[in-house]
Amino acid sequence: MRQRLPHLLDYLKEVAPDAVCLQEIKCLDEQFPREEIEALGYNVATHGQKTFNGVAVLAKQPFEVERGLPGDESDVQSRYLEAVIPFGKRALRLASLYLPNGNPVGTEKYDYKLAFMDRLIRHARKLLAYEEPLIIAGDYNVLPEPHDAAHPEQWVNDALFLPQTRSKFRELMALGFTDALRATSDAGGLYTFWDYQAGAWQRNNGIRIDHLLLSPQAADLLRSVTIDKAMRAKEKASDHVPVRVELRQ
């Protein structure tokens, strides 16, 4: 988090989003740079973990928060944070998600990924029953379709693109979610992640694994979706870039 903090602060100043979801903060709650972010007018909630994982929500309005994905009390990984934020005359439920990578396939890591996705499906079904604007946003570590990768043939044996992974994602979508980006464009070449290896950024060898899934009530308010691709060109940039949605109030 500390290494990326200057980029985050610049983004908050320049774009001034009403709310932000962060993943892989890789720090304990007390180590999160709260003061610098609060100085820009944001309220902060974190669900941190030493060295690994960790998620956060920042919002200009004060909000209520629940930490952790229900369904497995033995799960100690910090990967889910859910906020309820005032939004005009209503409230927006916003979840920051860091879904497990799952590699290497054939190990307990992939089993954990699938089990986590099952828990997410069960929880999302309950949230949709509230019939309110809901966004589950973050790093899903899922490539939904071949045209979400510059070279899909490079991913056929990867946990992000295996048929079972994509099937679980479709099961989640079938609950009634809208993929915000695909609601506005079905074009290829729209990526959110470029690896640090093999000149992936320079070759535009990207993939789309960061998604914002909208409930029907949120999808009705959708105005636009933007991938802030220029962030990847910054010095010491994250390998992920922000994906931003604008909703009508």
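To be clear, the structure that these remarks concern was listed above.
Residues numbered from 1 in each chain as written. Predicted model: local features only at pLDDT ≥ 70, side-chain atom pairs only at ≥ 80, totals over all residues. Heavy atoms only, no water.

Student: Which residues make up the overall build of the protein chain, and what are the values?
Tutor: Along its length, the protein chain carries 6 helices and 11 strands. For the protein chain, whose C-alpha radius of gyration is 17 Å, the value lies close to the compact-globule estimate of 18 Å for 249 residues. Expressed as lengths along the three principal axes of its C-alpha atoms, the size of the protein chain is roughly 45 × 45 × 40 Å. For the protein chain, the residues scored as buried account for 50% of the 249 residues in total. Summing over all exposed atoms, the protein chain offers an accessible surface of approximately 12200 Å²; the carbon and sulfur share of this is 47%. Distance between charge centres in the protein chain, computed from 31 positive and 35 negative side chains, equals 2 Å. (Helix = DSSP H or I, 4+ residues; strand = E, 2+ residues; numbered from the N terminus. Rg over C-alpha atoms; globule rule 2.2 N^0.38 Å. Buried < 20%, exposed > 50% of the residue type's maximum accessible area, 1.4 Å probe, protein only. Areas by Shrake-Rupley, 256 points an atom, 1.4 Å probe, with all protein chains shown as cover. Lys, Arg positive; Asp, Glu negative; His and termini not counted. Charge placed at Lys NZ, Arg CZ, Asp CG, Glu CD.)

Student: So, the sheet that holds strand S4 (residues 64-67): which residues are in play, and what are the values?
Tutor: Spatially, 6 strands are ordered S4-S5-S6-S7-S9-S8 in an open sheet, and the strand pairing comes out mixed. Each edge of the open sheet carries a strand with a single partner, namely S4 and strand S8 (178-179). Of the strand pairs in this sheet, strand S7 (residues 134-139) and strand S9 (residues 210-214) are connected by 5 bridges, and their pairing is antiparallel. In the strand pairing of S9, Ile136 is matched with Leu213. Against the sheet, helix H3 (residues 108-128) engages strand S5 (80-87), strand S6 (90-98) and S7, with an angle of about 20° to S5. (Pairing = 2+ DSSP bridges. Contact = heavy atoms within 4.5 Å. Axes fitted to C-alpha atoms, helices over the stretch in contact; angles between N-to-C directions.)

Student: I'd like a description of the pattern of salt bridges, backed by residues and values.
Tutor: In total, this model carries 13 salt bridges according to the counting rule given. We note a salt bridge from Arg93 to Glu132, for which the minimum N-O separation is 2.4 Å. Taken together, the residues Arg93 in strand S6 and Glu132 in the loop between H3 and S7 connect sequence positions 39 residues apart. Comparing Arg93 with Glu132 shows no difference in burial state: the two are buried. The closest approach of N and O atoms between Arg223 and Glu246, which form a salt bridge, is 3.4 Å. Of this pair, Arg223 sits in strand S10 (residues 222-227) while Glu246 sits in strand S11 (residues 243-247), and the two are 23 residues apart along the sequence. Classification of Arg223 by relative accessible area gives exposed; the value is 53%. Given a relative accessible area of 39%, Glu246 falls into the partly exposed group. (Salt bridge = Lys/Arg side-chain N within 4 Å of Asp/Glu carboxyl O.)

Student: Please give an account of the packing of H3 against helix H4 (residues 163-173) that cites residues and values.
Tutor: At a minimum axis distance of 10 Å, the contact between H3 and H4 shows a crossing angle of 10°. Judged by the inter-axis angle, H3 sits roughly parallel to H4. Counting all contacts with H3, which are made through Tyr110, Lys113, Leu114, Met117, Asp118, Leu120, Ile121 and Ala124, the residues of H4 involved are Gln164, Thr165, Lys168, Phe169, Glu171 and Leu172. (Parallel < 35°, antiparallel > 145°, perpendicular 65-115°, else oblique.)

Student: Please give an account of the sheet that holds strand S3 (residues 55-59) that cites residues and values.
Tutor: What the 3 strands build is an open sheet, ordered S1-S3-S2; its pairing is antiparallel. Of all the strands in the sheet, the pair left with one neighbour each is strand S1 (19-23) and strand S2 (43-47). Adjacent strand axes in the sheet meet at a mean angle of 10°, parallel and antiparallel pairs treated alike. Relative to S3, S2 runs antiparallel, the two sharing 5 bridges. The partner of Val44 across the bridge, within S3, is Leu58.

Student: Lay out unusual backbone geometry with the relevant residues and their values.
Tutor: Look at the link from Asn103 to Pro104: it is a cis peptide, with omega at 0°. For Pro104, the location among the structural elements is in the loop between S6 and H3. Phi is positive for Ala16, close to 55°, though the residue is something other than glycine. With respect to the element layout, Ala16 can be found in the loop between helix H1 (5-14) and S1. Phi is positive for Asn141, close to 50°, though the residue is something other than glycine. Structurally, Asn141 can be placed in the loop between S7 and H4. The exposure class of Asn141 is buried, given its relative accessible area of 5%.

Purely geometric stuff here, so don't read any function into it on its own.
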